[in-house]
There are 2 protein chains.
Amino acid sequence: MRLVTRDREATGERILAAAAELFAEHGYDQVTVRMIASAAGANVALVNRYFGSKANLFATVLITASTVTAAIEGDPAEMPSRLAEHVAHRLRTGASEPLVRMLDRAGTSPEIRAVLAARVETGLVDAISARLPGPQARERALLATVIILGAGSLRRLLGPEGLHDADLTVLEARLETAFRACLAPAGG
Amino acid sequence: MRLVTRDREATGERILAAAAELFAEHGYDQVTVRMIASAAGANVALVNRYFGSKANLFATVLITASTVTAAIEGDPAEMPSRLAEHVAHRLRTGASEPLVRMLDRAGTSPEIRAVLAARVETGLVDAISARLPGPQARERALLATVIILGAGSLRRLLGPEGLHDADLTVLEARLETAFRACLAPAGG
DNA sequence: TTTTCAAGTATACGCTTGTTTACTATCGTG
DNA sequence: CACGATAGTAAACAAGCGTATACTTGAAAA
């Protein structure tokens, strides 16, 4: 029979889930291990006991976290519209995939930045450029990443009310042309 | 550091300058008042004595900090190329105006976010949209702001070495088309 | 010179952080 | 049952933070 009350694995997963939720919502710096433990219904010491350190827990969360693959995968010709829809939806609702949320709420400490940078490389830049035919794939992917990250920054900075007076359908349409300009095989 | 004179105003300005430098370099959260005081060659207590609080000092720095006005002002038709050059130069060198650097290293505490958001509104979004003829000026300005902020995020995340293998002249050319797509009067 | 007052200093307060240490409680098993 | 392994707990650790206090110093006014 599975243990209900004293289950190390289950507790560890609760901690991991709580950490993913909180990191995505508030960013690395603003989340304390006590917040994580409280949200997971676990003792503070278990966070460090099971994951070694807060930074390591964050890295574990990042590995587990999904990416924007849904918008990236598929026909490259329609990637601009998918990305535009994804970003526009993000601007509209504030919701997004955990990875992206954590990216633009990036912690400022160097060790965290490093693991985040690696994740951006693989989860965004490389993932996008791998699907781009033609030359300058990396540069084009970098620019698309710029928009994705920038939208997160703007949303975080201005909040929902800061975008209320903006027409979001207009934003989405223009986002698509912007993505298209970034991703087009022919430059300039 | 030994002072030649006891000049409150000069000391205050040294603190302000040191704070501007450090905030732009490392972001609000990572900078301590002791770092500021040390860089300014002043005592720790003077920071709070002269500026009330760290948050208030940050706000003062933000007010003093210059903006990207040089790239924004001028013929709107050439704003895309000016912005692209500005952003590309930023990606290349890592140097940028204090305001923009502080923006994408935004602190995560709510009170800091508020003053930053206000500064983005006036210094970027409003400044750009005011110079845009035609409809949807705010939406177009928002998208340009997205790129500006996103470039800062990417640069911060990947660092100089993360962009070494990318052709920055290509990036600048594509940035210009992206800005043009964002800022063009005719949508879609 | 003496007085005076603000500039500057040294230090510590209260708090929060991540982390660790001893301890308790509960389980499977001999 | 008893016992040992271990999940979980309570508490404190050391360090760092912003901030406040009480003191010292130096230059100008008297």
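The structure this text deals with has already been given above.
Now for a description of the structure that goes with this document.

So, how was this worked out
- Residues numbered from 1 in each chain as written.
- Chains lettered and ligands numbered in written order.
- Predicted model: local features only at pLDDT ≥ 70, side-chain atom pairs only at ≥ 80, totals over all residues.
- Heavy atoms only, no water.
- Axes fitted to C-alpha atoms, helices over the stretch in contact; angles between N-to-C directions.
- Helix = DSSP H or I, 4+ residues; strand = E, 2+ residues; numbered from the N terminus.
- Parallel < 35°, antiparallel > 145°, perpendicular 65-115°, else oblique.
- Contact = heavy atoms within 4.5 Å.
- Nonpolar A, V, L, I, M, F, W, Y, C, P; charged D, E, K, R; others polar.
- Core = buried A, V, L, I, M, F, W, Y, C linked by side-chain atoms within 4.5 Å.
- Buried < 20%, exposed > 50% of the residue type's maximum accessible area, 1.4 Å probe, protein only.
- Near = heavy atom within 4 Å.
- Polar contact = N/O pair within 3.5 Å; in protein donor to acceptor, adjacent residues only side chain to side chain.
- Least-squares fit on C-alpha atoms with pLDDT ≥ 70 in both.
- Phe/Tyr/Trp six-rings, centres within 6.5 Å; stacked < 30°, edge-to-face > 60°.
- Lys NZ or Arg CZ within 6 Å of the ring centre and 35° of its normal.

**Focus: the packing of helix H9 (residues 137-158) of chain A against helix H9 (residues 137-158) of chain B**
Taken N-terminus to C-terminus, the directions of H9(A) and H9(B) make an angle of 105 degrees; their axes are 6 Å apart at the nearest point. In terms of orientation, H9(A) and H9(B) fall into the roughly perpendicular class. Side by side, H9(A) and H9(B) meet where Leu142(A), Thr145(A), Val146(A), Ile147(A), Leu149(A), Gly150(A), Ala151(A), Ser153(A), Leu154(A) and Leu158(A) of the first sit next to Leu142(B), Thr145(B), Val146(B), Ile147(B), Leu149(B), Gly150(B), Ala151(B), Ser153(B), Leu154(B) and Leu158(B) of the second. Taken together, the residues that form the contact of H9(A) with H9(B) break down as 14 nonpolar, six polar and no charged.

**Re the nonpolar core**
Counting residues in hydrophobic clusters, the biggest one holds 123 residues, and the most contacted among them are Phe23(A), Ile36(A), Leu57(A), Ile36(B) and Leu57(B). Contact partners of Leu57(B), with chain neighbours within four places excluded, come to Ile15(B), Leu16(B), Ala19(B), Phe23(B), Ile36(B), Val47(B) and Phe51(B).

**Some details on the protein's contact with DNA strand C**
The environment of DNA strand C is made up of 24 residues, and the closest members are Thr32(A), Asn48(A), Arg6(B), Thr11(B) and Tyr50(B). Atoms of DNA strand C within 4 Å of the protein belong to the sugar or the phosphate in 49% of instances, the rest to bases. In the model, a phosphate oxygen of DNA strand C is placed 3.1 Å from a nitrogen or oxygen of the Val33(A) main chain. Take Tyr50(B): an N or O atom from its side chain is 2.7 Å from a phosphate oxygen of DNA strand C. Elements supplying a minimum of two residues to the surface near DNA strand C: helix H2 (33-40) and helix H3 (44-51) of chain A together with helix H1 (8-26) and helix H3 (44-51) of chain B.

**Looking at unusual backbone geometry**
A positive phi angle, close to 55 degrees, is found at Gln136(A), a residue other than glycine. The residue Gln136(A) is located in the loop between helix H8 (110-129) and H9 in this model.

**Quick notes on the relation of the copies chain B and chain A**
Of the transformation superimposing chain B on chain A, the axial component is 0.1 Å and the angular component is 180 degrees, with the fit at an RMSD of 0.2 Å. Look at the turn and shift together and you get a two-fold axis relating the two. Of every C-alpha in chain B, the one belonging to Gly150(B) sits nearest the axis of rotation, 1.7 Å from it. Counting the interface residues of chain B, we find that 100% of their copies in chain A are interface residues as well, pointing to one common contact surface.

**A look at the protein's contact with DNA strand D**
Around DNA strand D, a shell composed of 22 residues is seen, among which Arg8(A), Thr11(A), Tyr50(A), Thr32(B) and Asn48(B) lie nearest. Per the 4 Å cut-off to the protein, sugar and phosphate atoms form 52% of the nearby atoms of DNA strand D. In the model, a phosphate oxygen of DNA strand D is placed 2.7 Å from a nitrogen or oxygen of the Tyr50(A) side chain. Between DNA strand D and Arg6(B), the relevant distance is 3.2 Å, taken from a base oxygen to a side-chain nitrogen or oxygen of the residue. Those elements that place two or more of their residues in the surface near DNA strand D are helix H1 (8-26) and H3 of chain A together with helix H2 (33-40) and H3 of chain B. When its residues are assigned to classes, the surface near DNA strand D shows seven nonpolar, six polar and nine charged.

**A closer look at the packing of aromatic side chains**
Residue and element names in this part refer to chain A. Using the criterion set out here, one finds six aromatic pairs over all chains in the structure. Pairing tyrosine 28 with phenylalanine 58 gives two aromatic rings, centres 5.0 Å apart and planes at 70 degrees, and the pair type is edge-to-face. In this pair, tyrosine 28 sits in the loop between H1 and H2 while phenylalanine 58 sits in helix H4 (residues 54-64), placing the two residues 30 residues apart along the sequence. Judged on exposure class, the residue tyrosine 28 and its partner phenylalanine 58 are both buried. Through successive ring pairs, a cluster of aromatic residues spans Phe23, Tyr28 and Phe58. Across from the ring centre of tyrosine 28, 4.2 Å away, lies the NZ or CZ of lysine 54, which sits over that ring.

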